[in-house]
Amino acid sequence: MSSTYQLLFRINFFHTYFTNGKFTAIQLKPDQSTQNIFKNYDLILRNEANGVGVFFAEQFADERRTREQILSDQLVFTFKLSCGDANFYNYTDYMPSVIEDNLLYFKYPFSFTPSQNGLMHSKECVTELDVKNNLTLDQPYFSKPFGHIDIITDVNIPKDLKIQFFSPFLYWRYIIYKSHLLEFEGLAIANKNKTIFFKGPQSILLPNGNNAVAFTSPTALQFTEHPELNWQLLEQYKPGESLGRVIMPNLPVPKNNLVSFLGKEYAVENQQRVLEIFI
């Protein structure tokens, strides 16, 4: 007899760096014990755009069963997490500074009260609090993965479990080093409406010994896939006298695979992370 499948629970990943909010670079793999549970309980694992869903057959052994009946058996699900984006740490905030022996660890039931129903971490987003040493797991990995999930079901488990990453707010600093641009007088960087101006120019010496000028954003800006504001380079700008003339209408924005830091000696506003964009 054919049976329809209903949702037992799903695990989805989100990231504020991406415009649609979904983080699609995570892959989940159940361990052997979990695979046996899928067979014994007639469950299926469906890959979704930013996670997985676990579904159960309503008809089982000639009987109809409910979600609550399955969950009450306190099934133990274990998943290994892999991340397919090598640039993940470039655009993710609150990550630990030391990751060699550690992995991201999530579990249900929670040992804390999450701020939102279904979150599998103690804060609004994943932080260094969600890190665990690989060797402290009940069964440590021979080759440490990106992360690990343990789930022990109960009737209160939400249908939607969520893991949320945040992108950082960083000061942007444009470094103008090309000789033909440095020849212009009254350089400035502003938004399209010329209502927000970067601080500068500041004369700096690059590590290769060349001279350059730097412009720094007045506040920290969120590092996102598609920033809300576009910036332009002006010349002949004189504060209080002239808003200048546009010479570059669309300045490049930072890419997550091209994050560059000149060094601590150029730290701005006591911030440890400053994004440099070279033009």
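Residues numbered from 1 in each chain as written. Predicted model: local features only at pLDDT ≥ 70, side-chain atom pairs only at ≥ 80, totals over all residues. Heavy atoms only, no water.

(A) Geometry of the overall build of the protein. From N to C terminus, the protein includes three helices and 19 strands. For 279 residues, the compact-globule estimate of 2.2 N^0.38 gives 19 Å, and the C-alpha radius of gyration of the protein, at 25 Å, exceeds that figure by more than 25%. The 279 residues of the protein split such that 43% are buried. A sequence separation of at least 24 residues applies to 74% of the contacts in the protein between residues at least 6 apart. Carbon and sulfur atoms provide 48% of the accessible area of the protein, an area that totals close to 15200 Å². (Helix = DSSP H or I, 4+ residues; strand = E, 2+ residues; numbered from the N terminus. Rg over C-alpha atoms; globule rule 2.2 N^0.38 Å. Buried < 20%, exposed > 50% of the residue type's maximum accessible area, 1.4 Å probe, protein only. Contact = heavy atoms within 4.5 Å. Areas by Shrake-Rupley, 256 points an atom, 1.4 Å probe, with all protein chains shown as cover.)

(B) Seen up close, the packing of aromatic side chains. For the structure shown, the criterion picks out 17 aromatic pairs. Considering the side-chain rings of F88 and F165, the 5.1 Å spacing of their centres and the 85 degrees angle between planes classify their relative orientation as edge-to-face. Within this pair, whereas F88 is found in the loop between β7 (76–83) and β8 (102–108), its partner F165 is found in strand β11 (residues 160–165), the two being separated by 77 residues in sequence. Considered together, F88 and F165 belong to a single accessibility category, that of buried residues. Seen from their ring centres, F197 and Y237 are 4.6 Å apart, and the 20 degrees between their planes marks the pair as stacked. In this pair, F197 sits in the loop between β13 (188–191) and β14 (199–205) while Y237 sits in the loop between β17 (231–235) and β18 (245–248), placing the two residues 40 residues apart along the sequence. By way of ring pairs, the aromatic residues Y17, F18, F23, F88, Y89, Y91, F146, F165 and F223 are connected into one cluster. (Phe/Tyr/Trp six-rings, centres within 6.5 Å; stacked < 30°, edge-to-face > 60°.)

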